[in-house]
Amino acid sequence: RAVVNGNVAPTVDFLANLPKDHPYISLYNQKKIVLCVGQGRWEDEGRRTTAIMRDIFAGKGIHAWVDFWGYDVDHDWCWWKKQLRYFLPYVLGEQG
């Protein structure tokens, strides 16, 4: 079981136990999935769980953009706004 802050992480646990041939995999691959985390202040748990998700996605053949930003990128509003501007065109289909 995947544990985050002492609690079972339902999404991580669900995906980790999903068979590779489950029909959801092809549904996920029809969508654009983005996970982003900084590596600065307050990001330790986020880095750890994002790495877990990255590995699960890779192991299940789920196509996702998993992006680890720099060590100067904190868990804070100013960075979330930059990340939103960066990823939104991709999610909306305005870039490849």
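Look up a bit, the structure's there.
Novice: Outline the environment of Thr-49, listing residues and values.
Specialist: Tracing the chain through its elements places Thr-49 in helix α3 (residues 44–60). The class of Thr-49 is buried, set by a relative accessible area of 16%. Each C-alpha atom, one on Thr-49 and one on Val-12, is 8.3 Å from the other, the two residues being 37 residues apart in sequence. One polar contact links the side chain of Thr-49 to the main-chain carbonyl oxygen of Gly-46, over a distance of 3.4 Å.

Novice: Break down the nonpolar core for me, citing the residues and quoting the values.
Specialist: Counting residues in hydrophobic clusters, the biggest one holds nine residues: Val-12, Leu-15, Leu-18, Ile-25, Ile-33, Met-53, Ile-56, Phe-57 and Ile-62. Secondary-structure elements contributing two or more residues to this core are α1 (10–16) and α3. The dominant element in this core, judged by the number of residues it contributes, is α3, at three residues. For Leu-15, the residues in contact, after removing those within four places along its chain, are Tyr-28, Met-53, Ile-56, Phe-57, Lys-60 and Ile-62.

Novice: Could you give an account of the pattern of salt bridges, with specific residues and numbers?
Specialist: Any two side chains of opposite charge can pair, on the condition that their charged atoms come close. For the coordinates displayed, the defined rule picks out four salt bridges. One salt bridge in this structure joins Arg-41 and Asp-74, with 2.6 Å as the shortest N-O distance. Taken together, the residues span a long stretch of sequence, with Arg-41 in the loop between β3 (34–37) and α3 and Asp-74 in the loop between β4 (65–68) and α4 (77–91) at a distance of 33 residues. Taking the relative accessible area as the measure of exposure, Asp-74 reaches 11% and is therefore buried.

Conventions we followed
Residues numbered from 1 in each chain as written. Predicted model: local features only at pLDDT ≥ 70, side-chain atom pairs only at ≥ 80, totals over all residues. Heavy atoms only, no water. Helix = DSSP H or I, 4+ residues; strand = E, 2+ residues; numbered from the N terminus. Buried < 20%, exposed > 50% of the residue type's maximum accessible area, 1.4 Å probe, protein only. Polar contact = N/O pair within 3.5 Å; in protein donor to acceptor, adjacent residues only side chain to side chain. Core = buried A, V, L, I, M, F, W, Y, C linked by side-chain atoms within 4.5 Å. Contact = heavy atoms within 4.5 Å. Salt bridge = Lys/Arg side-chain N within 4 Å of Asp/Glu carboxyl O.

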